[in-house]
Amino acid sequence: MHIENDIPVFLDFWEAKEQPTLSDLESYLNSNEKVYEKYFPIHCPRTEERLSAALQKYEAKMDDIRSTSASLPGIIREVDETYEQSFGLGLDLSLKLMVGTFGSNAFVTRENRREIYFAVEKLSAERNHLKVITAHEIGHVAHFAMATRNGLDWSTVDWGHGLTTLFTEGAATYLSKRTVPGLPEPVYFTYDDEGDPWVKCYEDNKLEVKRRFLEDAVGDWDMTKEKEWFRLSGGSYFGYNRLGYLLGTDYVEQLVERIGEDAALTFWNGNDLKADMMEWLRK
């Protein structure tokens, strides 16, 4: 495992300026382009509006950022060890810890399915919250490694369709609950203590959520649908974003009950995953 912690570089920049300006932030980003090359623009738009808004938010997050910089490397090693004891996958992770501009909180890169970024300005500094989001992101890597070990032909995966995202986010959440058990249910979806209304919305509207996702999945999938179900910028249907995470977790959990954990997590190996998901959505 390799952990590259670039948070101190940002802290040095921030603490060197009495009141950093937009020009200062632009200069910092340009000087550290390598750190942000996979963050902008896919996981956060680099616009003047975005950077200006970030400048107004940083100061309130500084204590959390400093705390997370100190604690997250150890948490990552702890969670990785739990995965290794449970699954023996030898993940050989590459992780980058950085301060972003309030876009995505964490992601596995598209180019390397064992490379994870954490943008810590979007994270709660509470230890259990950090353990859960770490377990979620490593869960993606573990899920992909299981598929590779079982011979999945990656060229057959339709990465651009919401049903694939539903499965992968559901699997990562399922694995986070298995790896860091015993926490309140909403923590596994929001990685903080603010998720109760969000989960309640899903539970109160579950049948309608399934129906709306099915309706979207039948037609052509596009970025508008992707944002609605899986991005922070969604939420126009029910008033809460990323409901696809809860729906995907429900799908994976019932699949585990139906066919067992190993078979469920590798179900895209040799099965018609989309057809099975569509049948489940219709129930």
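Structure first, text after, so check above.
A brief structural summary. (Residues numbered from 1 in each chain as written. Predicted model: local features only at pLDDT ≥ 70, side-chain atom pairs only at ≥ 80, totals over all residues. Heavy atoms only, no water.)

1. Quick notes on the overall build of the protein
Moving on, step 1. For the protein, the count of helices and strands is 13 helices and four strands.
Moving on, step 2. Taken against the 2.2 N^0.38 rule, which gives 19 Å for 283 residues, the C-alpha radius of gyration of the protein at 19 Å falls within 12% of a compact globule.
Moving on, step 3. Judged by the C-alpha coordinates and their principal axes, the protein covers about 60 × 40 × 35 Å.
Moving on, step 4. When burial is assessed residue by residue, the protein has 56% of its 283 residues classed as buried.
Moving on, step 5. Sequence separation of at least 24 residues holds for 69% of the intrachain contacts in the protein that already meet a minimum separation of 6. (Helix = DSSP H or I, 4+ residues; strand = E, 2+ residues; numbered from the N terminus. Rg over C-alpha atoms; globule rule 2.2 N^0.38 Å. Buried < 20%, exposed > 50% of the residue type's maximum accessible area, 1.4 Å probe, protein only. Contact = heavy atoms within 4.5 Å.)

2. Details of the packing of aromatic side chains
The geometry of an aromatic ring pair is captured by two quantities: the separation of the ring centres and the angle between the planes.
Moving on, step 1. Inspection of the entire model under this criterion finds 30 aromatic pairs.
Moving on, step 2. Here Y39 and F40 contribute two aromatic rings whose centre-to-centre distance is 4.9 Å and whose plane-to-plane angle is 65°, an arrangement assigned as edge-to-face.
Moving on, step 3. Given the relative accessible area of 11%, F40 is considered buried.
Moving on, step 4. Geometrically, the ring pair formed by Y251 and W280 is edge-to-face, given 5.4 Å between the ring centres and 65° between the ring planes. Of the two residues, Y251 sits in helix α11 (residues 243–259) while W280 sits in helix α13 (residues 273–282), which places them 29 residues apart along the sequence.
Moving on, step 5. Using a relative accessible area of 0% as the deciding quantity, one classes Y251 as buried.
Moving on, step 6. Here a set of aromatic residues connected by ring pairs shows up, and it is made of F10, F13, W14, Y28, Y36, Y39, F40, Y58 and F102.
Moving on, step 7. When the ring centre of W154 is taken as origin, the NZ or CZ atom of R113, which lies over that ring, is 4.0 Å away. (Phe/Tyr/Trp six-rings, centres within 6.5 Å; stacked < 30°, edge-to-face > 60°. Lys NZ or Arg CZ within 6 Å of the ring centre and 35° of its normal.)

3. A word on the sheet that holds strand β1 (residues 2–5)
Moving on, step 1. Taken in spatial order, the four strands line up as β1-β2-β4-β3 in an open sheet, and their pairing is mixed. The outermost strands of the open sheet, each flanked by one partner alone, are β1 and β3 (106–108). Between one strand axis and the next, the sheet turns by 15° as a mean value, whatever way the strands run.
Moving on, step 2. Judged from the five bridges that link them, strand β2 (residues 94–98) and strand β4 (residues 115–119) form a sheet pairing that is parallel. Across the sheet, L97 pairs through a bridge with F118, a residue of β4. (Pairing = 2+ DSSP bridges. Axes fitted to C-alpha atoms, helices over the stretch in contact; angles between N-to-C directions.)

4. Focus: the nonpolar core
Moving on, step 1. By size, the foremost hydrophobic cluster in this structure holds 97 residues, and its most contacted members are Y58, F118, F167, F213, Y251 and W268.
Moving on, step 2. Among the elements that make up this core, the one with the highest residue count is helix α4 (residues 48–87) (12 residues).
Moving on, step 3. In contact with F118, not counting residues within four places along its chain, are L72, I76, L95, K96, L97, M98, N105, A106, L123, I133, T134 and E137. (Core = buried A, V, L, I, M, F, W, Y, C linked by side-chain atoms within 4.5 Å.)

5. Some details on α11
Note on helix geometry: an α-helix contains 3.6 residues per turn, so any two residues three or four positions apart are oriented the same way.
Moving on, step 1. With 17 residues, α11 should reach 24 Å at 1.5 Å per residue; the first-to-last C-alpha distance of 25 Å fits that figure.
Moving on, step 2. The buried count for α11 comes to 13 of 17 residues, which makes it a mostly enclosed element.
Moving on, step 3. Positive backbone phi, approximately 95°, marks G260, located one or two places after α11. (Expected span 1.5 Å × (residues − 1).)

6. As for the pattern of salt bridges
Moving on, step 1. One pass over the full model with this rule turns up 20 salt bridges.
Moving on, step 2. A salt bridge links K96 to E4; the shortest N-O distance between them is 3.2 Å. On the criterion of sequence distance, the pair formed by K96 in strand β2 and E4 in strand β1 is long-range, its members being 92 residues apart.
Moving on, step 3. Across the pair E253 and K177 runs a salt bridge whose closest N-O atoms are separated by 2.7 Å. (Salt bridge = Lys/Arg side-chain N within 4 Å of Asp/Glu carboxyl O.)

7. Quick notes on a negative patch on the surface
Moving on, step 1. Taken together, E126, D193, E194 and D196 make up a surface patch of like negative charges.
Moving on, step 2. With a relative accessible area of 36%, E126 lands in the partly exposed category. (Patch = residues over 30% accessible without salt bridge, like charges linked within 9 Å, V, L, I, M, F, W, Y side chains within 5 Å. Areas by Shrake-Rupley, 256 points an atom, 1.4 Å probe, with all protein chains shown as cover. Lys, Arg positive; Asp, Glu negative; His and termini not counted. Charge placed at Lys NZ, Arg CZ, Asp CG, Glu CD.)

8. Observations regarding the side chain of D276
Moving on, step 1. Summarising the element assignment, D276 is placed in helix α13.
Moving on, step 2. Not counting the four nearest positions on each side in its chain, D276 is found in contact with Y251, L255, R258 and F267.

9. Thoughts on the packing of α4 against helix α5 (residues 127–149)
Moving on, step 1. Between α4 and α5, whose axes approach to 9 Å, the crossing angle comes to 40°. When the axis of α4 is compared with that of α5, the two are oblique. Along this stretch, α4 crosses α5, giving a crossing that reads as right-handed. Counted together, T68, S71, L72, I75, I76, E78, V79, D80, Y83 and F87 of α4 and R127, L130, K131, T134, A135, I138, G139, A142, M146 and R149 of α5 form the full contact between these two elements.
Moving on, step 2. Its residues assigned to classes, the contact of α4 with α5 shows 11 nonpolar, four polar and five charged. (Parallel < 35°, antiparallel > 145°, perpendicular 65-115°, else oblique. Left-handed = near helix turned anticlockwise from the far one by under 90°. Nonpolar A, V, L, I, M, F, W, Y, C, P; charged D, E, K, R; others polar.)

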